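# Summary of the model geometry
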Amino acid sequence: MLGAAGGGFTVASALFGTSRGAMGPVAHDVDWLRVKRRGLLDEESDDPDFNTIVINISGKRFETSLSTLERYPETRLGNPELRKKHYNTVKEEYFFDRNQEAFHAVLYYYQSRGSLYIPPAIQDHVFYQELDFWGIKPERRLENGFALVDDPDPQKSPHEFRWGKVQRSMYIFLNKPKSSFGARIWASVDIFVILCSVVNLVVESYGNKNRSPGDTSTPYFAVDATCVSFFTLDILLRCLVAPVLKTFFTKPLNWFDLLAIMPFYLELSLGSFMRSGAMDNNIIMPFKILRIFRITRVLKLIRHSGRLILMIQVLLDCVYELAMLLVIWLMGVFIFGTVMFYIEHEQPDTKFKSIMHSCWWSVVSMSTVGYGDMFPETWAGKLVASI
């Protein structure tokens, strides 16, 4: 719960005989949150949502629940003894003369139970100074501007791994490229194999249009088999060391890895059936479309780019706004396509034969592709096209 703290008359002013800003400091140096938790407000203190805390960071106020801060009692905000030194009894809030942008990430650390990110407007060394002040000690430096500092799987919950420390170490090695030098080498090899596979796919397209599925007599097959073997080993290892298999198969990147190797094994199986005469060549032709899925190997590179993953997350967060933009664009396509049809359909040899034909012209024009296969001939049509 993040918001701005309000002002005005409070229960504290009625209790201690003062109002905010109307009188000087109260007689006692009181941690107001501790007063409520001691039972002076019996009918309200049992509600955890009522125990909120107002934090003023250089003039900007934040409000969150006390239970959120108490998740980390070793930090400055989570420890009542450290926190009360900054309590302003007049405004009934905690004041800190610290960086406002950094505090957004600090508060998110409490709210997300250990996730931490570096705001883009703050330099790394400044942010780590802020973390030191707030008593937050990340177990490793943040990567790509956004990372999970207290990763619950490999760092905080070893009991979730079936094989204990061995499985946890393998999990970190395979899924955290910057966790060790060996993990960096493995990730670099993975990227190299992906690039080799893509280059092999492109080179294979020259002069091999009639190659039958499962043909093992070409050097392209040897390269492809080597790459797929590495991909298979990688996904099997990550599947074996995953803490929860159900979670492993719900991640889209893992499905991309499966799609990258499935066409190879299916083509290999179909080729063996063809050589044995069990299948006709005409029947197997539709299965050649499986080769299209080999291009999904390019998507494996997403795993190695934290910024690309972050960009995808941003797009997913904006999916409703993007959908609304698409709807507005389709409305424009239909409106201009309909108008153009009624203007141009009576012209001899016109290509605006129907509203759908006209909508195709509208799509090509509004997307700035401009094939030139359809264009208006009347002055009214040209005027609409210029709009």
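Residues numbered from 1 in each chain as written. Predicted model: local features only at pLDDT ≥ 70, side-chain atom pairs only at ≥ 80, totals over all residues. Heavy atoms only, no water.

One pass over the full model with this rule turns up 20 aromatic pairs. Look at Phe230 and Phe231: their rings are 6.5 Å apart centre to centre, the planes differ by 70°, and that puts the pair in the edge-to-face class. Of the residues examined, Phe231 reaches a relative accessible area of 1% and is grouped as buried. Residues Phe248 and Phe249 carry aromatic rings whose centres are separated by 5.2 Å and whose planes lie at 90° to one another, so their mutual orientation is edge-to-face. A relative accessible area of 37% means that Phe249 is categorised as partly exposed. Through a chain of ring-to-ring contacts, the aromatic side chains of Phe62, Phe96, Phe103, Phe133 and Trp134 assemble into a single cluster. Sitting over the ring of Phe133, Arg98 keeps its end group 4.0 Å from the ring centre. (Phe/Tyr/Trp six-rings, centres within 6.5 Å; stacked < 30°, edge-to-face > 60°. Buried < 20%, exposed > 50% of the residue type's maximum accessible area, 1.4 Å probe, protein only. Lys NZ or Arg CZ within 6 Å of the ring centre and 35° of its normal.)

Moving on, we get to the sheet that holds strand E3 (residues 87-88). Taken together, four strands build an open sheet; the order of strands is E2-E1-E4-E3 and the sheet is mixed. Either end of the sheet is taken by a strand with one partner, and the two such strands are strand E2 (60-65) and E3. As paired elements, strand E1 (residues 52-57) and E2 share six bridges and run antiparallel to each other. Looking at E2, one finds that Val54 is bridged to Glu63. The strands that helix H6 (residues 100-111) touches are E1 and E2; relative to E2, the one it contacts most, it runs at about 0°. (Pairing = 2+ DSSP bridges. Helix = DSSP H or I, 4+ residues; strand = E, 2+ residues; numbered from the N terminus. Contact = heavy atoms within 4.5 Å. Axes fitted to C-alpha atoms, helices over the stretch in contact; angles between N-to-C directions.)

Here we take up the nonpolar core. Phe103 and Trp134 are the most contacted members of the largest nonpolar core, which totals 26 residues. Elements with a minimum of two residues in this core: E1, strand E4 (93-96), H6 and helix H7 (124-134). Here the element with the most residues in this core is H6; it accounts for seven residues. Apart from the residues within four sequence positions on either side, Trp134 is in contact with Ile57, Thr75, Arg76, Leu77, Phe96, Arg98, Phe103, Val106 and Tyr110. Of all hydrophobic cores here, the second largest spans 18 residues; its members include Val193, Cys227, Val228 and Val241. (Core = buried A, V, L, I, M, F, W, Y, C linked by side-chain atoms within 4.5 Å.)

Detailed reading of the predicted coordinates is not advisable wherever pLDDT is low. Residues of the protein chain with pLDDT of at least 70 account for 74%, and the chain-wide mean is 76. Looking over the protein chain, one finds the lowest element-wise mean pLDDT in helix H3 (residues 42-45), namely 36, and the highest in E4, namely 94. Contacts of residues 1-49 to residues separated by more than four positions or lying in other chains number 83 contacts, the stretch itself having pLDDT below 50. Taken together, the stretch residues 140-159 has pLDDT below 50 and engages in 48 contacts with residues farther than four places along the chain or on a different chain. (pLDDT = per-residue confidence, 0-100.)

Turning to the side chain of Glu93, a few remarks are in order. Turning to its location among the elements, Glu93 is positioned in strand E4. Judged by its relative accessible area of 2%, Glu93 is buried. Here Glu93 is in contact with Val54, Asn56, Arg61, His86, Tyr87 and Asn88, once residues within four sequence places are set aside.

A few words now on the pattern of salt bridges. All chains considered together, the criterion is met by ten salt bridges. Asp224 serves as the salt-bridge partner of Arg294, at 3.5 Å between the closest nitrogen and oxygen. Taken together, the residues Arg294 in the loop between helix H14 (281-284) and helix H15 (306-317) and Asp224 in helix H11 (residues 219-241) connect sequence positions 70 residues apart. Of the two residues, Arg294 and Asp224, both sit in the buried class. Between Asp224 and Arg297 there is a salt bridge, with the nearest N and O atoms lying 2.5 Å from each other. On the criterion of sequence distance, the pair formed by Asp224 in helix H11 and Arg297 in the loop between H14 and H15 is long-range, its members being 73 residues apart. (Salt bridge = Lys/Arg side-chain N within 4 Å of Asp/Glu carboxyl O.)

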